[in-house]
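A structural walkthrough
This is what each chain is made of:
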Amino acid sequence: MQLGKDPRGGRRTARPAGGVAAQADGIGWEYAPAPESREIVTLAPEYGLFVNGEFVPAAGGQVFATVNPATEEPLAQVAEAGAADVDRGVAAARSAYERVWGPMPGAERAKYLYRIARILQERSREFAVLESLDNGKPIKESRDVDVPLAAAHFFYHAGWADKLEHAGLGPSPRPIGVAGQVIPWNFPLLMAAWKLAPALAAGNTCVLKPAETTPLTALLLAEVCQQAGLPPGVVNVLTGAGETGAALVAHPGVDKVAFTGSTEVGKQIRRTVAGTGKRLTLELGGKAANVVFDDAPVEAAVEGIVNGIFFNQGHVCCAGSRLLVQESVADAVVGRLHDRLGTLRLGDPLDKNTDIGAINSRQQLDKIRELSDAGEAEGAERWSPPCELPERGFWFPPTVFTGVSQSHRIAREEIFGPVLSVLTFRTPDEAIEKANNTPYGLSAGIWTDKGSRILHMVKRMKAGVVWANTFNRFDPTSPFGGYKESGFGREGGLHGLLSYVRLEDR
Ligand code: NDP
């Protein structure tokens, strides 16, 4: 079945979602601007690399600018690490591993992790504002999701640091050594926490490479490490572009590589690491199916669909970017979805009422535009609520494609933006086949009233995480990771710790 235009005919009651003046749908009052103050953040004009407990310029003196994607305003100049800096960072991590952190009892390491977690909480407003400035995500997401979850990861792993021998991982788990960790721009602070907390808890030292477009919260986290009195060299942060990441991954002094990012770069890293004896975990892309059955509670499912694809502007590896909806309820679900999208407010990321912030970079915006145009060219029908986009900055409206077939690029490729592709199915078997018809296998969602159907589907869906009657739930106790081209290894929970310990008795 081809889903047509708005099934109830005509334009919906969608309000302009531009800026904070958007009207609450059907209520008849307007949201007043509610901007979070950016005064809490003191931006330095220039930031150095964090090596051996100090902020230092890059050996070659190179810098690059990081900009606010909502305004294109340059925020700061940041040091760009070259090969000599990677050497310095890895040497500092090696020395700290051998002399201080590796031999330190777990109970002592735990104290530092607890301290970092508590400082993150104390400085949470500062982190949230800085994250929204550098990344473009709405403040209510950085404030309520990114920062508290980052603190939770440090708290959780602090609890394991002195209990690893009793965790059931195996006899005498020991650290691996120096971890080289490369992270993306979609959850800059949270991904840093996902990488650092388990590595440190298990006794490893770290060299972290944040994404070029979002280095600032990783550098503030480095400052927190100083504040917590973390011994020099235990955490090193090397800002830079892809070449810095490539040099770090290839460095012979690195024992373990952890990467989150695109499947393409993940494959390159796997080739680099092959045959070196380095341990590797990869958390890569996704094209998750969010499957809605005819017995699902429609209102709840629509909230889950919206959260699944419009949270963080769809810059989420586990985003529910393919909606598979049972044909008999497809019109009703898409109609309700249109209504709901009309109430979303797009605009200033620092406004507390904003639901959809800015796209992280011009490059990412171009990619979203290109794939959306391909969707139209291939015959799918595109819909967005009436939506004023700010003049400056990188913006893309929430977009829904209906009439999508499995061969369309928008059904196959990771768009990594606020774009939903809607497909339909008739039977559970057809839903499973379509859900699994992707080279990825990171996450999936199921919406149904029947517990037995959830169990039936979960067993057959090839995804590392399957959410039932919810979506995008993250918890440090729960392992996260993928199958197939979504990578391997887990982050979070005991499974995540396994990636940072040596179990062999040698
Ligand atoms: P990348 O995979 O290029 O970036 C992820 C991280 O790897 C960044 O820190 C990047 O540095 C670094 N990097 C880039 N090249 C190399 C290399 N050869 N060796 C080691 N590290 C490297 O993702 P992009 O930012 O280019 O995004 C492209 C697409 O990837 C997106 O459109 C999206 O589809 C997908 N993506 C998926 C993510 C996920 O969580 N699964 C996260 C981000 C992107 P730098 O930022 O400086 O280039």
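The present account deals with the structure reproduced in this document. (Residues numbered from 1 in each chain as written. Predicted model: local features only at pLDDT ≥ 70, side-chain atom pairs only at ≥ 80, totals over all residues. Heavy atoms only, no water.)

Some details on the nonpolar core
Judged by nonpolar contacts, the single largest core of 111 residues is most densely connected at Leu120, Phe154, Leu221 and Val292. Looking at this core element by element, the count peaks at 11 residues for helix α5 (residues 188-201). Aside from chain neighbours lying at most four places away, what touches Leu221 is Ile116, Leu120, Phe127, Phe154, Leu189, Ala192 and Leu196. (Core = buried A, V, L, I, M, F, W, Y, C linked by side-chain atoms within 4.5 Å. Buried < 20%, exposed > 50% of the residue type's maximum accessible area, 1.4 Å probe, protein only. Helix = DSSP H or I, 4+ residues; strand = E, 2+ residues; numbered from the N terminus. Contact = heavy atoms within 4.5 Å.)

Observations concerning the site of the ligand
Around the ligand, the surrounding shell holds 28 residues, and the nearest of these are Ile183, Trp185, Ser262, Leu284 and Lys367. Here an oxygen atom of the ligand sits 2.6 Å away from a polar atom, N or O, in the side chain of Trp185. Here Leu284 contributes a backbone N or O atom positioned 2.8 Å from a nitrogen atom of the ligand. Burial of the ligand by the protein amounts to 86% of the accessible area it has alone, namely 850 Å². Split into classes, the residues belonging to the shell around the ligand amount to 14 nonpolar, 10 polar and 4 charged. (Near = heavy atom within 4 Å. Polar contact = N/O pair within 3.5 Å; in protein donor to acceptor, adjacent residues only side chain to side chain. Areas by Shrake-Rupley, 256 points an atom, 1.4 Å probe, with all protein chains shown as cover. Nonpolar A, V, L, I, M, F, W, Y, C, P; charged D, E, K, R; others polar.)

Focus on the environment of Val78
Considering the arrangement of structural elements, one finds Val78 in strand β5 (residues 73-79). When neighbours within four sequence positions are excluded, Val78 is seen to be in contact with Tyr47, Gln62, Val63, Phe64, Thr66, Pro215, Leu216, Leu219 and Thr239.

As for the pairing of strand β18 (residues 465-468)
Working note: regular strand, side chains alternate between the two faces of the sheet. The alternating pattern of β18 places Val465 and Trp467 on a buried face and Val466 and Ala468 on a face that is not buried. As paired elements, strand β17 (residues 443-447) and β18 share 4 bridges and run parallel to each other. When the bridges of β18 are listed, Gly445 appears paired with Trp467. Chirality of the crossover, the property in question, places the unit of β17, helix α14 (residues 451-460) and β18 among those that are right-handed. (Pairing = 2+ DSSP bridges. Right-handed = clockwise from strand over helix to strand, strands pointing away.)

Structural notes on the sheet that holds strand β12 (residues 289-292)
Pairing in this open sheet of 7 strands is mixed, and the strands run β14-β15-β16-β13-β12-β17-β18 from one edge to the other. Looking at strand neighbours, the two that pair on one side only are β14 (381-383) and β18, the edges of this open sheet. Between one strand and the next, the sheet's axes are offset by a mean angle of 20°, whatever the strand orientation. Looking at chain direction, strand β15 (residues 399-402) and strand β16 (residues 419-425) are connected through 3 bridges and run parallel. Pairing of Phe401 across the sheet is with Ser421, part of β16. Along the sheet, helix α13 (residues 428-436) makes contact with β12, β13 (322-326) and β16, crossing β13 at roughly 170°. Those strands touched by α14 are β12, β17 and β18, and its axis lies near 160° from that of β17. (Axes fitted to C-alpha atoms, helices over the stretch in contact; angles between N-to-C directions.)

Re the environment of Phe259
Along the chain, Phe259 turns up in strand β10 (residues 256-260). Exposure remark for Phe259: the relative accessible area of 6% places this residue in the buried category. For the pair Phe259 and Phe187, spaced 72 residues apart in sequence, the C-alpha separation works out to 13 Å. Apart from residues lying up to four places away in sequence, Phe259 is in contact with Val182, Lys195, Val265, Gly266, Ile269, Thr281, Leu282, Glu283 and Leu284.

Looking at empty space enclosed by the protein
According to the stated counting rule, one finds 6 cavities of 30 Å³ or more in the structure shown. In this structure, the largest cavity occupies an estimated 100 Å³ of space. Around the largest cavity, the lining comprises 15 residues; the ones closest to its centre are Phe187, Met191, Trp194, Cys317 and Phe474. The dominant element in the lining of the largest cavity, judged by the number of residues it contributes, is α5, at 3 residues. (1 Å grid on protein atoms, 1.4 Å probe; cavity = no way out; pocket = protein on both sides within 12 Å on 5 of 7 lines; lining within 4 Å. Points joined across faces, edges and corners; volume = space filled by probe spheres on them.)

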